[in-house]
Every structure is written in C-alpha cells, then in structure tokens.
Amino acid sequence: MVKAIKESWNTRLGVILAVAGSAVGLGNFLRFPGQAAEYGGGAFMLAYFISFILIGLPICWAEWVMGRHGGQAGFNSSPGIFNYITKKRGFKYLGVIGVLVPVIIYMYYVYIEAWCLGYAVNFLAGNMDFATIEQSSEFWGGFIGIGENGSALGFGLSQVGVYLLLVFLLNFILIYRGIARGIELFCKYAMPTLVIIAFIILLRVLTLGTPDPAMPERNVSNGLGFMWNPVKNVVEIKDASGAWVVDREVVDPEALAAAQVAAASDSKLQVRHISMFEQLFNPQLWLAAAGQIFFSLSVGFGVIITYSSYLSKKDDVVLSGLAATSANEFCEVALGGLITLPAAVTFLGVAGVAGMGTFGLGFNVLPMVFANMPFGELFGFLFFFLLFLAAVTSSLSMLQPGIAFLEEAMHINRKQSVALLGLITAVGCGFVLYFSQDVKALDTMDFWVGTFLIFVLSTIQIIIFGWVLGVDKGFKLAHEGAAIRIPVFFKFVMKYVSPLFLLTIFGLWVAANLFGIDLRTGEGQYSNYVTDLFIEPDTVAWLSVGLIALVAGLFLFITARNPAYRKLKKEP
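About the criteria used
- Residues numbered from 1 in each chain as written.
- Predicted model: local features only at pLDDT ≥ 70, side-chain atom pairs only at ≥ 80, totals over all residues.
- Heavy atoms only, no water.
- Helix = DSSP H or I, 4+ residues; strand = E, 2+ residues; numbered from the N terminus.
- Rg over C-alpha atoms; globule rule 2.2 N^0.38 Å.
- Buried < 20%, exposed > 50% of the residue type's maximum accessible area, 1.4 Å probe, protein only.
- Contact = heavy atoms within 4.5 Å.
- Axes fitted to C-alpha atoms, helices over the stretch in contact; angles between N-to-C directions.
- Left-handed = near helix turned anticlockwise from the far one by under 90°.
- Polar contact = N/O pair within 3.5 Å; in protein donor to acceptor, adjacent residues only side chain to side chain.
- Parallel < 35°, antiparallel > 145°, perpendicular 65-115°, else oblique.
- Core = buried A, V, L, I, M, F, W, Y, C linked by side-chain atoms within 4.5 Å.
- Salt bridge = Lys/Arg side-chain N within 4 Å of Asp/Glu carboxyl O.

Undergrad: Looking at this model, I keep getting lost on the overall build of the chain. Mind explaining?
TA: Counting secondary structure elements, the chain contains 22 helices and three strands. For 572 residues, the compact-globule estimate of 2.2 N^0.38 gives 25 Å, and the C-alpha radius of gyration of the chain, at 24 Å, lies within 12% of that figure. Dimensions of the chain along its principal axes, counting C-alpha atoms only, are 80 × 55 × 50 Å. Looking at the chain as a whole, 59% of its 572 residues are labelled buried. Considering only residue pairs separated by 6 or more positions, the chain has 79% of its internal contacts joining residues 24 or more positions apart.

Undergrad: I tried to follow the packing of helix H17 (residues 376–410) against helix H22 (residues 539–561) on my own but got confused; where do I start?
TA: Any two packed helices are characterised by how steeply their axes cross, that is the angle between the axes, and by the distance between the axes. Taken N-terminus to C-terminus, the directions of H17 and H22 make an angle of 35 degrees; their axes are 9 Å apart at the nearest point. When you trace H17 past H22, the crossing you get is left-handed. Contacts between H17 and H22 involve Phe-405, Leu-406, Ala-409 and Met-410 on the former and, on the latter, Phe-555, Ile-558 and Thr-559.

Undergrad: What is the right way to look at helix H10 (residues 220–228) in this model?
TA: Because an α-helix completes one turn every 3.6 residues, residues spaced three or four positions apart along the sequence face the same direction. The complete set of buried residues in H10 reads Val-220, Asn-222, Gly-223, Gly-225, Phe-226 and Met-227. Measuring from the side-chain oxygen of the N-cap residue of H10 to the backbone nitrogen of Ser-221 gives 3.1 Å; that N-cap residue is Asn-219.

Undergrad: For this particular structure, what's the right way to read the side chain of Asn-364?
TA: Here Asn-364 is to be found in helix H16 (residues 358–371). Residue Asn-364 is classed as buried on the basis of its relative accessible area of 11%.

Undergrad: Any chance you could explain the packing of helix H4 (residues 78–86) against helix H19 (residues 440–478) here in plain terms?
TA: Close contact between H4 and H19 brings their axes to 11 Å; oriented N to C, the two are set at 25 degrees. In terms of their interaxial angle, H4 and H19 are classed as roughly parallel. The element H4 and its partner H19 pack so that their crossing is left-handed. Taking contact as the criterion, the partners of Phe-82, Ile-85 and Thr-86 in H4 are, on H19, Leu-457, Ile-460, Gln-461, Ile-464, Val-468 and Leu-469.

Undergrad: When you look at the nonpolar core in this model, what are you seeing that I'm missing?
TA: Across soluble globular proteins, nonpolar side chains show a tendency to be buried alongside one another. The biggest cluster of nonpolar side chains holds 206 residues, and the ones touching the most others in it are Phe-44, Trp-115 and Phe-383. At 21 residues, the largest contribution of residues to this core is made by helix H6 (residues 97–124). Filtering out sequence-adjacent residues up to four positions away, Phe-44 remains in contact with Phe-32, Gln-35, Ala-36, Tyr-39, Leu-285, Ala-288, Ala-289 and Gln-292. In this structure, Val-235, Val-250, Leu-256 and Ala-259 belong to the second largest nonpolar core, which totals seven residues.

Undergrad: Just to check I follow, could you spell out unusual backbone geometry for this structure?
TA: Most peptide bonds take the trans form, and the phi angle of most residues other than glycine is negative. At Lys-87, a position not held by glycine, the phi torsion is positive, near 60 degrees. Note that Lys-87 resides in the loop between H4 and helix H5 (91–95). The backbone phi angle of Asp-438 is positive, close to 55 degrees, even though this residue is not glycine. Position of Asp-438 among the secondary structure elements: in the loop between helix H18 (414–434) and H19.

Undergrad: How should the pattern of salt bridges be read in this particular structure?
TA: Any two side chains of opposite charge can pair, given that their charged atoms come close. The tally for this structure, following the rule as stated, stands at seven salt bridges. Between Arg-12 and Asp-316 there is a salt bridge, and its shortest N-O distance comes to 3.7 Å. Remark: Asp-316 occurs in the loop between helix H14 (304–307) and helix H15 (318–353) and Arg-12 occurs in helix H1 (residues 12–23); sequence separation between them is 304 residues. The class for Arg-12 is partly exposed, based on a relative accessible area of 42%. A salt bridge links Glu-278 to Arg-272; the nearest nitrogen and oxygen atoms lie 2.9 Å apart. A single salt-bridge network, built from bridges that share partners, covers Glu-7, Glu-407 and Arg-414.

Keep in mind that these numbers describe shape and distance, not what the molecule does.
Rendered as structure tokens:
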C-alpha cells in the first residue's frame, strides 16, 4: 500500500475561486436562463432567491464546516467524513452518494463540455452560418449524434468525438497535478478570464438595440422585461372545446395594446394578466428554482465537502463560503441571465424564447442568434469558449471527490487513483457518447443522479449538520478562524426550515416527476423515466441505470473493505 501525500490549498483566494469555479458552469449561462424562460422570469427569480436563502446558503455552509472538520481527522471523502462526524458506521454508506454523484455527472457533463469546445472551434472556423433555428438545430443534432446511436463517434471538425477526447485528457492532466498545482492554478486564471469574456459579450448584447426595424418589439429592453417582470401578460385563444389556451406572452407595451384591441373585437381572443402570486402557486416553479440552486451552487454534489476538507483549522469557512456563493450568483444572474435571454429575445421575440429548455436555448437558439449578429463569428466563439472554461472548472471539481475517495479508501497514490478513476469514467463517457440517440443515456443519468440523488444527498447533509453534529456545535466549528459570523437566525433555518423545505420540495418532486401528477389538478400519469424502466422498458434507460448501479456497487464494496472506516476516530 502507498501512503497518499496530504494535499492542501495554496491560498484562501485559490480555494474560493476553485469552489466558485465548481459552481460556475453551464448551469449559470444555459440552465439558469433556460429555467427562467420556461417558468416566466420574474416569479421564478423570487422563488430562486428564496430557495437560495433557505437551502442554498445553509447547505453550502454545512458542507464547508463538515468538510473542514472531517479533514482535521484525515478524511477527505464523504464516506470518511460522514463516518467520522456521526460515529455511526451506516452513514459511511450514505456518504458513498457524495462520491457517486460527481463521478456519474462527470461522465455526461464532460460530453456537454465537448459540445462547447466544438462550437467555439466551429464558430472560429466560420462553420456556424445559420439563418434559422431549424438549420442550427440540424447542426446540433448531427454534431452530438442525436439521430442514431454511434453516430457521434466520428472525429471530424463537426463531430463531437475529437473534442470529447481532448477535454477528457485535459481534465485528467489537470486533476493529476493535484489540488494546488492543478485545480487551484487553472481556476486562478480561468475564472477571471471567463468573467472578462462575459463582460465583453454582455456589453455587446446590451447595445444590440432593435436589430430588425420591421419588428420593433424584438429589442433588448423587452428581453430584460421578459427576464425580470413579475407580472405576465399572455394572449389566450379559445380552442375547439371552448377552453382557453396560452398562445403567446406579450412584453412590449405597444404589442400589449394591440393585443387588447384585437381581443375587444374577437370573442375567441383574450389578454390575461398573471400576477406574481398566481405564478408562485405553481409548485413546478418551486421545484425548478430549488433544482437550479442545487445545480448552480454545486451543493449536494459531494464537491464542497471534499474541497473544504483540505483546509486547516484556522482557515475561514464562513466568509469563504459566502464569497464563493456570491461569485456564483453574480455570474449566474448578472452575467448569464443578462446575456442569454435578452440576446435571444432580441432576435426571436418573446414567443420564440418562452418555454425554451436548456439545450434548445443554448445550442439551437443562441448559435442562430450569434450567426445573425454583427461580428457574430467572434462573439459566438467567445461565448462558447466562455462556456468551455466554465465547464472545465466544474468538471475538475467532479473528479476530485472520486480521487480523494480512492486514495483514502484504497490507500493508493495520485497516479494510481487517477488511472483507476480515468478507466471508470472513460467507460461511462464512452457509454454516453455511443448511446447518443435522443440523448437518452445522458437524460436518464441526469435525472436519477443529477437530480434525484442530489436532493437525497442535500437532505442527508443538512440533517447531519443540524441533528447529528448539532447546530450549536456546527456553529462553534464554523466560527473557528472565521472572518465573519453566521447570523444567529440561521441556526433555526438550518435545523428546522432547511430540512422541512427540502423534504417538502423533494416530496413534490417525486409526485410530479416520478408519478407524473399535475400538482394543481391532481391528475397525471407515470413519467417517461418510470415508463422507460417498468411499463415500456427501454434498453438504453435500463443500461444507464445499470451503469449507475455498477459504479455504486463498486464504491460500496471499496467502502466496506476499508478498515479505517471501521475505526471511529476520536475528535481532535
């Protein structure tokens, strides 16, 4: 057995940038605007900020505290830290979720990371001259192999294979260099670079004005209004059954006035004002907002608890945690939100963007938008290179929990752990790349691990902090070496409100996304994810779940065999 070298961060700024880099990723610039577009903007933003205060920041602080505390005893992985803090051997198996989640997510996240690099290269090569969304969608489908399994394996300029190989190697070269010389060094340069690029693109977007004088409603102002307006104005039409259905959302005052005039003379047309409170009564909006907080802040991933385990007892975790989450929120709201949606609305209008999901907005709409923008090739390259940098800082963080676990549980060195994790994730990446049709493998793995298990792990972590470690002891540990103190009211929030909020949201999520229940009407049917496994079995869905189970079984076996986890160390 080889004794692993104890690693640490070089600087406080380095760990803040690394944690912020873990959080700042595709979720900031694609998923967040996509969720805001799908759930109407202003009301979603309010639910998002409430979720940030009630679950995002509390879980983040809990992970920073527990990670540093476990690190003092020599543990750097979730199984070891959970085992040490709880003094109950069963919790080490729950801790395996904190290794499984980032490793599985890496397998498909690096695939999307390769899309970003590929799009940046193709913009630079002048291959992204799209006149319509259909053309841009056709390129995306061919690039990622959405039409047929195995079709993404090519290595041409307009195929994802070569880019996946490059980004996979880049990630493992950096992770092999370790915490300080790999992750910290890369994030120290990548984070400022992506912020500078984002500001350049933001300045261009905010000066777009009204590109098409024939369609004055398509302008930046209406894009910002769509993003932030708390009240929505929708035009509804009466269908054949006599029911009112939403036709489009109207933001521009002139378009709203015209719609009201038209509705006054047409009994099959009406304009309805949807208040912010009415929107907030939609449970699905809260599920989306909470899910975005998890995805955006990297809480519930098993990343922060591992990163913070390399801190010393005198290192601050309260201000560092707040700084890292604040940096992420700035990138998400002030940069991602102000770039993506306003740019899309300016060229497509509100009707062309409303309800658009993450992939549709990011890889179908935006490439067409940049292609039709002055100097679009340059700005398209910059945007997707920005996404690529953000994706790398996140994917690196997904590898470190696996590295830490293998070194800790198997007593192997960095070279051995990198080789073993490289083999495991290479198999998973190859699986996702091959089963590319309808992105079925990616979607299935993201649902069960990137959403379901993140809810589970977040709930476990906040319960351990508030009820097993104890909120009083947790705050005492948090304030060791702290530059600021956590406000006292967060004791109540972290012990009672956060777990209750999480359990409620998780219960609603299961009802809506597993059993397909419409939370407003009570009607529904099983979701596609349940149907794919049990009602109309889908081979790729079953193979995807089987891969997850296989990796989980391997990690559980390694955990059970580790004698260090059987000895419950006394606290220092």
